[in-house]
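This is what each chain is made of:
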Amino acid sequence: MFSLSFTKKYPLTFTAVDGPATVTLNIVKGTPVTNGLQYRLEDNQEWNTYTPGETINLTEGNYVQFQNTEEQLSLDSNNYVKFDMSGKIQGSGNIQSLLNYIDEVPNYSFASLFNRCSSLISSPELPASTVRYAGYFSMLRDTGILEAPKLPATTIEGYAYNSMFQNCIFTTAPKLPAKTIGERTYYRMFRNCSNLITPPKILANKLSGVYNMTEMFENCTALTGSPELYPTTLTNRCYSRLFIGCTSLVNANKIHAEIMAPSACTELFSGCKSLQKAPELPALTLAEHCYHWVFQDCSALLYPPKLPATTLANNCYHHMFAECSSLLYAPELPALEVPKSAYSVMFQGCVSLTDTPKLPASAVYETGYYSMFRFCTNLTGLPEEIPATPQGEEAYSEMFRGCSSITAAPKLPATTLTPRCYRRLFYECTSLTGSLELPAEILPSACYEYMFTGCQNLNNITVGFTDWNELENSTHEWVTGVQTTSGTFKCPTTLPDERGDSKIPNNWTKTDI
């Protein structure tokens, strides 16, 4: 196997600073490769055999060096070693001395090697050009290092940097030059690094496997910018929760994704309360859950990205802008078919939103528009018509619930309904007046249930049905709380003149059509 040059053969070194310190390399589990381990206390001393579990005591300014005559150390999650330390320790030298100076980190070799060594205030050099599966997994997690080491490896495999720096305190991340990354390669790499201000430059342009960068920067609360993300073809959950909880993130860099995958960007910027600029999202064909919760609770976001996709997927925009309380307008939504939950809860709680986009779709499936604008309390401008025919249950359910500023409802021309399709559609829209036409002649189960409950100013409804369909609760409490001083209810002559919260409002005039 290729070895590093002589100039890089300065061994792994630990120096005690600010007082005495101890260093111990322990076997945590199983039988890792430890028979070639050696140590010395000064450069000119002979190397001594090191027995795992032996504690090296250092006085301030003294150091210990380690090397290995074998080319492997830890083997897997059932056979591995880790250092334990006390005092304050400065790491230096070449970590590859623990692998006989080869230019590669084999599978699991350094996994968890310094995990929870809070005494370690600086990292040794990590010069290997190739890091195999889980080679650096959790390697420096929960350490006290003040500066991240350089990571020159250009060939890295799945899990290679997984959780590597989680909970660390440095401010600047190292460049990541690898062009291809695999499954969970950067997973949780900088998670909870609350002092991290400057993100790494990520040169990867190809992804393989899944969860490639999931939670990579989760809760990095000092991070103000994001790296550019070059891959054009995404994988399942590759960017899921990538920046979730980055509360200082203001501007998001470009995301080149054109071909989506299921859950690829789920919760990508969720909880980024300072985010003002959203990246472009150019994909034209979406995948299930791909933008699910992507900007949820981004309370400073003023302007949304364009959403040019014309082919949607189940749950693709679910909760996308929920609780974006500063959002000034909604992007155009050109798709002509709305799959299951595609727009569900998309703009819930966007209290600065005053107008909806046009909704040109001709078909909406199960929960497609469910709670889409729920609690948008300043919403006044609605499309003149929402033409989509319900194709599944709860297609429009709670779509405008709690939109207390709406005064006029859009036309709803669908003549074929589905169970619970308009349930709570205008629930507690307290400014809604009328008139509203509902041309459907046959009412399925609970299709109008609670539809106008709490609409205290509603005064005009026109319907096309001839039977109250009480067994199916089709109009169960649909006009509870509407004003009962006066109003007009237009309906076919054959509809029984019955009054109450589930029928014709009391004191309204019934007019035949």
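Residues numbered from 1 in each chain as written. Predicted model: local features only at pLDDT ≥ 70, side-chain atom pairs only at ≥ 80, totals over all residues. Heavy atoms only, no water.

Observations concerning the overall build of the protein chain
Scanning the protein chain for helices and strands turns up zero helices and 21 strands. Here the protein chain has a C-alpha radius of gyration of 31 Å; the compact-globule value for 513 residues is 24 Å, and the former is much larger. If you line up the protein chain on its principal axes, its C-alpha atoms span 105 × 40 × 40 Å. Looking at the protein chain residue by residue over its 513 residues, the buried ones come to 57%. For the protein chain, the exposed surface amounts to about 19800 Å²; the carbon and sulfur share of it is 46%. Charged side chains in the protein chain number 35 positive and 47 negative. The centres of these two groups are separated by 4 Å. (Helix = DSSP H or I, 4+ residues; strand = E, 2+ residues; numbered from the N terminus. Rg over C-alpha atoms; globule rule 2.2 N^0.38 Å. Buried < 20%, exposed > 50% of the residue type's maximum accessible area, 1.4 Å probe, protein only. Areas by Shrake-Rupley, 256 points an atom, 1.4 Å probe, with all protein chains shown as cover. Lys, Arg positive; Asp, Glu negative; His and termini not counted. Charge placed at Lys NZ, Arg CZ, Asp CG, Glu CD.)

Notes on the sheet that holds strand 12 (residues 155-156)
Taken together, the three strands give an open sheet; going across it, the order is 9-11-12, and neighbouring strands pair in parallel fashion. Edge strands, defined here as strands with exactly one partner in the open sheet, are strand 9 (104-105) and strand 12. As paired strands, strand 9 and strand 11 (residues 130-131) are joined by two bridges and run parallel to one another. What sits directly across from Glu 104, in strand 11, is Thr 130. (Pairing = 2+ DSSP bridges.)

Comments concerning the packing of aromatic side chains
Following the criterion strictly, the structure yields 41 aromatic pairs and no others. Consider the rings of Tyr 187 and Tyr 211, whose centres lie 6.5 Å apart with planes at 75°: the pair is edge-to-face. You can see Tyr 187 sitting in the loop between strand 13 (180-181) and strand 14 (206-207) and its partner Tyr 211 sitting in the loop between strand 14 and strand 15 (337-338), a full 24 residues away along the chain. Looking at Tyr 187, the relative accessible area reads 12%, which means it is buried. With a centroid separation of 6.0 Å and an interplanar angle of 5°, the aromatic rings of Tyr 291 and Tyr 317 are classed as stacked. Linking Tyr 291 in the loop between strand 14 and strand 15 with Tyr 317 in the loop between strand 14 and strand 15, this pair joins segments that are 26 residues apart in sequence. Judged by its relative accessible area of 2%, Tyr 291 is buried. Among the residues examined, Tyr 317 registers a relative accessible area of 1% and is labelled buried. When the ring centre of Tyr 187 is taken as reference, the NZ or CZ atom of Arg 184 above it lies at 4.9 Å. (Phe/Tyr/Trp six-rings, centres within 6.5 Å; stacked < 30°, edge-to-face > 60°. Lys NZ or Arg CZ within 6 Å of the ring centre and 35° of its normal.)

Brief notes about the confidence of the model for the protein chain
Averaged over all residues, the pLDDT of the protein chain equals 96, while 98% of them reach at least 70. Under a pLDDT of 50 for its full length, residues 1-7 has, in the predicted model, 15 contacts with residues more than four places off or in other chains. (pLDDT = per-residue confidence, 0-100. Contact = heavy atoms within 4.5 Å.)

Quick notes on the sheet that holds strand 17 (residues 389-390)
As summarised here, the arrangement of the three strands in space is 15-16-17, forming an open sheet in which the pairing is parallel. Among the strands making up the open sheet, the edge pair consists of strand 15 and strand 17.

Things to note about the state of the cysteines
With the rule as written, the count across this model stands at zero disulfides. Between Cys 193, a free cysteine, and Cys 220, which holds the nearest cysteine sulfur, the sulfur-to-sulfur gap is 5.2 Å. Of the cysteine sulfurs around Cys 316, a residue in no disulfide, the closest is that of Cys 290, at 5.6 Å. (Disulfide = S-S within 2.5 Å.)

Some points on the pairing of strand 5 (residues 55-58)
Here strand 5 shows a buried face lined by Ile 56 and Leu 58 and an unburied face lined by Thr 55 and Asn 57. Of the pairings in the sheet, the one linking strand 2 (residues 21-29) to strand 5 comprises four bridges and is antiparallel in character. Within strand 5, the residue paired with Thr 24 across the bridge is Thr 55.

As for the side chain of Thr 214
Its location among the elements puts Thr 214 in the loop between strand 14 and strand 15. A residue is classified by how much of its surface remains accessible, and Thr 214, at 2% relative accessible area, is buried. Polar contacts involving the side chain of Thr 214 include one to the main-chain carbonyl oxygen of Arg 237, which spans 2.6 Å. (Polar contact = N/O pair within 3.5 Å; in protein donor to acceptor, adjacent residues only side chain to side chain.)

Here we look at a nonpolar patch on the surface
On the surface, a cluster of nonpolar side chains totalling about 360 Å² of accessible area is made up of Leu 302, Tyr 303, Leu 328 and Tyr 329. Within the element layout of this structure, Tyr 329 appears in the loop between strand 14 and strand 15. (Patch = residues over 30% accessible without salt bridge, like charges linked within 9 Å, V, L, I, M, F, W, Y side chains within 5 Å. Salt bridge = Lys/Arg side-chain N within 4 Å of Asp/Glu carboxyl O.)

Focus: the pattern of salt bridges
According to the stated counting rule, one finds 21 salt bridges in the structure shown. Of the charged contacts in the structure, one is a salt bridge between Arg 132 and Glu 104, with a shortest N-O distance of 3.4 Å. A residue pair is termed long-range when its members are at least 10 positions apart, and Arg 132 in the loop between strand 11 and strand 12 and Glu 104 in strand 9 qualify at 28 residues. Since its relative accessible area comes to 25%, Arg 132 is described here as partly exposed. Residue classification places Glu 104 among the buried residues on the basis of a relative accessible area of 16%. In this structure, Lys 503 and Glu 470 form a salt bridge, with 3.4 Å as the shortest nitrogen-oxygen distance. A residue pair is termed long-range when its members are at least 10 positions apart, and Lys 503 in the loop between strand 20 (488-491) and strand 21 (509-512) and Glu 470 in the loop between strand 19 (460-463) and strand 20 qualify at 33 residues. Taking relative accessible area as the criterion, Glu 470 reaches 54% and is therefore assigned exposed. Within this structure, Arg 188, Arg 191, Glu 215, Glu 218, Arg 241 and Glu 267 form a network of salt bridges that share partners.

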